Amino acid sequence: MGPLLNISTIMSKPYVWKVYDAGAPNNVRFEGFLKDLMDKVSEGAGFNYTFVEPQKRVYGSDTPNGWNGVMGDVYNKDAQIGGPLTVTPERELDVDFTKPFLSDGINLLVKKPTWFDLGLGYLVRPLSSDYWIMLLVVLLLIGLVFFIIGKFSPYEWGNVAADKDPRGARNSFTLKNSYLFALTTLSWQGFREAPKSLSGRTMAAFWLLFVLFTLIAYSANLTAYFLARPEQIPNLSFKTYDELLESDIAVMATDFSSTEKFLRTSHSKTLRELWGRMDSTGALLGSEDEGIRKVRSDGKEYVMFLETRKAEYTAMQDDDCRLLVYGETLYPSTMAFAVPKDSPWRDIISKQIETLRTTGLLEEMKNKYWKFGGRCSNYDGRHYVDGGDFLSSMPVYPVTLKDMAVAILLLFLGFIAAMVVLIIEVIHYAVTKQGKKIEKPKILSKIERPKIFKPKGESAKAAPSTIEEGGDPEAGTSSDGLENVPLDGIEECHESGPSEELLPEEKSEDKVAV
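Residues numbered from 1 in each chain as written. Predicted model: local features only at pLDDT ≥ 70, side-chain atom pairs only at ≥ 80, totals over all residues. Heavy atoms only, no water.

On to the packing of aromatic side chains. Considering all chains together, one arrives at 17 aromatic pairs under this definition. Look at tryptophan 132 and tyrosine 218: their rings are 6.2 Å apart centre to centre, the planes differ by 75 degrees, and that puts the pair in the edge-to-face class. Here tyrosine 218 lies in helix α6 (residues 198–228) and tryptophan 132 lies in helix α4 (residues 129–152), a separation of 86 residues in the sequence. Relative accessible area serves as the criterion here: at 19%, tyrosine 218 is assigned to the buried category. (Phe/Tyr/Trp six-rings, centres within 6.5 Å; stacked < 30°, edge-to-face > 60°. Helix = DSSP H or I, 4+ residues; strand = E, 2+ residues; numbered from the N terminus. Buried < 20%, exposed > 50% of the residue type's maximum accessible area, 1.4 Å probe, protein only.)

Dropping the structure here:
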């Protein structure tokens, strides 16, 4: 049976609170993280304990009359142990601290905004607005580039066998077909015909690489946005402490606490001005619970500076899941037990805390109250990232020009390479063809289309190849917009069978080379 030690603390969740039995109102027991921790520490250190509350229910501030609250009980030796307390240089001057058992800081506790439906604009969110604009510009340019290559490259024109295509020699990359090629490849729908020239194929290769990178990035990022969608909420009316200072939002903190002391003595002008506003408006409250009730209330908007661990637990356990931990974490610190100066219990308790940490029991206690014990999952606004006027609980960002710099660079290298190859093609054709003028074949206004079937026993008449030879006026331009060009005379050959194909006559040597 060891000594009985008084532990000064404040009844506050998740550290320690009273639980009254329904059948026996006078039967009170304690629960909480501090209770679980002290059970293990006292068992190893060989002492019994009881919780006592200070006369002033604060953790402790150095007033002109000395320390008050929990710090005052320990400093005056009314309690052998006090905690949990944030370790500060001022407190270390008058008490000793054990090894820390919790990390802490200061954050804002705010009321969670209402969930917002992203509506019809959701599918454009994976790419940033500047990337969408760049994509439209590139689409316009790529169609023009294919059209220019198709118009000026002598190797983009080619003959098609007359029995397979009676329209003759053609260039598939007219202006509208060039844009059709760009659009179908951009959507991975394939294409009817590929470029024939080396310059066209060079441009197509780099364009398809750019399309591949863009569509993969869009698809992957869209998946991430869909996963984040159930957690998305609108932005708060402020994002930084500077914006909070400029707003009309009521800011609160607990008086006589380490949080209030930090804000009052901070090196940041913004934080000092926030403290000055709270001091002048009476927003330095006597208890944390009073501030939490105001934050949850409807009507006027309140926010409260609160220790990180307290804010996390409060938001996790909120009945309606209406609270959010928000803002940059200020004043990273640790929490430990305070004991009177030169007390032998400091080393004894520190040893037990270290044992619990190495065995993993301390982490299990933390998880019980701060990881697995909460009813609200979407409570941590510190992990929210700005995503185009909305916030996502996942780190999801729109794809930007910087992210796709390699794909964009490859595309513009393709532009340059295709133009260089086009110039080489024009020069090569001019030299190898003795400088013959490069032009499209002249378009026939009328051409007789070959018949596929002939009546048995009848002879076929030869089809004239020009208007002067008496061609029947049929068609000059095909229905799909491809231009008809002169064909050599097509003779119809008759054999004994009723369904033989007609073979084209050999082309004369004096035709324009294409």
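End to end, helix α1 (residues 33–45) covers 18 Å across 13 residues, agreeing with the expected 18 Å (1.5 Å per residue, within 8%). Buried residues of α1: Phe33, Leu34, Asp36, Leu37, Met38, Val41, Ser42 and Ala45, and no others. In the segment just after α1, glycine 46 is the residue with positive phi, at about 80 degrees. (Expected span 1.5 Å × (residues − 1).)

Quick look at the environment of isoleucine 249 now. Within the fold, isoleucine 249 resides in the loop between α7 (241–246) and β11 (250–254). Distance from isoleucine 249 to phenylalanine 238, taken between C-alpha atoms, is 9.4 Å for residues 11 residues apart in sequence. Beyond its immediate stretch of four places on either side in the chain, isoleucine 249 contacts Ser237, Phe238, Leu244, Arg277, Glu301, Tyr302 and Val303. (Contact = heavy atoms within 4.5 Å.)

Bringing a nonpolar patch on the surface into the picture now. The grouping of Ile133, Val137, Leu141, Leu144, Ile148, Phe152, Leu175 and Phe412 at the surface amounts to a nonpolar patch, some 670 Å² of accessible area in total. You can see phenylalanine 152 is positioned in helix α4. (Patch = residues over 30% accessible without salt bridge, like charges linked within 9 Å, V, L, I, M, F, W, Y side chains within 5 Å. Areas by Shrake-Rupley, 256 points an atom, 1.4 Å probe, with all protein chains shown as cover. Salt bridge = Lys/Arg side-chain N within 4 Å of Asp/Glu carboxyl O.)

Moving on: the packing of α1 against helix α13 (residues 361–370). Where α1 meets α13, the axes come as close as 10 Å, and the angle between the chain directions of the two elements is 165 degrees. In terms of orientation, α1 and α13 fall into the roughly antiparallel class. Once α1 is placed against α13, the crossing between them reads as right-handed. On α13, the residues that touch Phe33, Asp36, Leu37 and Lys40 of α1 are Leu362, Met365, Lys366, Lys368, Tyr369 and Trp370. Broken down by class, the residue content of the contact of α1 with α13 amounts to six nonpolar, no polar and four charged. (Axes fitted to C-alpha atoms, helices over the stretch in contact; angles between N-to-C directions. Parallel < 35°, antiparallel > 145°, perpendicular 65-115°, else oblique. Left-handed = near helix turned anticlockwise from the far one by under 90°. Nonpolar A, V, L, I, M, F, W, Y, C, P; charged D, E, K, R; others polar.)

If you trace the backbone, serine 266 turns up in the loop between α8 (258–265) and α9 (269–281). Residue serine 266 is classed as buried on the basis of its relative accessible area of 8%. Only 3.0 Å separates the side chain of serine 266 from the backbone nitrogen of serine 268, close enough to count as a polar contact. Serine 266 has contacts with Leu271 and Arg272, leaving out every residue within four places of it along the chain. (Polar contact = N/O pair within 3.5 Å; in protein donor to acceptor, adjacent residues only side chain to side chain.)

Before going further, it helps to examine the nonpolar core. If you look at soluble globular proteins, the nonpolar side chains tend to sit buried side by side. Among the nonpolar cores identified, the biggest contains 43 residues, and Phe33, Leu37, Met38, Phe47, Ile81 and Phe337 are the most heavily contacted of them. Looking at this core, the element that brings in the most residues is α1, giving six residues. When sequence neighbours within four positions are dropped, the list of residues in contact with leucine 37 reads Phe101, Phe337, Leu356, Leu362 and Met365. (Core = buried A, V, L, I, M, F, W, Y, C linked by side-chain atoms within 4.5 Å.)

As far as function goes, none of this settles anything; it's purely spatial.
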